[in-house]
Amino acid sequence: VYAFGIAITHMRLFWVQVPMQVAVLGTTIVAALLLIPSDPIGGAAWTALVRAGVQAGLYGVCLVAGVWRQHLRVKRGSATGAPRSSAKHDPT
């Protein structure tokens with residue numbers, strides 16, 4: 001899961017992570033409220049597994065979407081590898 005987060009950050013998809021983390025937090029709260037009262041130890045373990053599964057799923061979808069977006073950008077020719085800045089430094 002952490003490798004997905006690193007890859008998404010490397011693709012500069014910063015703001016998409018905010019709603020994903022809110023969804024993970026909400027899922028964790030709901031799972032904890034449902035699972036922990038009946039069995040504190042087992043419920044906490046299941047809550048952690050549910051959280052990890054939701055986080056892995058969301059980050060996986062975002063990773064695939066980011067890779068697909070980059071693929072389309074390259075296919076259209078807009079990702080040529082040229083530097084972003086057109087300013088040239090003239091030392092003389």
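Below, the structure is looked at part by part. Quantities reported herein were computed from a predicted structural model and do not represent experimental measurements.

The rules behind each value
- Residues numbered from 1 in each chain as written.
- Predicted model: local features only at pLDDT ≥ 70, side-chain atom pairs only at ≥ 80, totals over all residues.
- Heavy atoms only, no water.
- Helix = DSSP H or I, 4+ residues; strand = E, 2+ residues; numbered from the N terminus.
- Buried < 20%, exposed > 50% of the residue type's maximum accessible area, 1.4 Å probe, protein only.
- Contact = heavy atoms within 4.5 Å.
- Areas by Shrake-Rupley, 256 points an atom, 1.4 Å probe, with all protein chains shown as cover.

**Points about the overall build of the chain**
Of the regular secondary structure elements, the chain holds three helices and zero strands. The secondary structure elements of the chain, listed N-terminal to C-terminal, are α-α-α. Counting every position in the chain, which comprises 92 residues, the buried fraction comes to 16%. For the chain, the share of sequence-separated contacts (at least 6 apart) that also reach a separation of at least 24 residues comes to 64%. For the chain, the computed accessible surface area is about 7000 Å², with 71% contributed by carbon and sulfur atoms.

**Concerning the side chain of Q17**
Turning to its location among the elements, Q17 is positioned in helix α2 (residues 17-35). Overall, the relative accessible area of 16% leaves Q17 in the buried class. When residues no more than four places from it in sequence are discounted, the contact partners of Q17 are I8, T9 and Y59.

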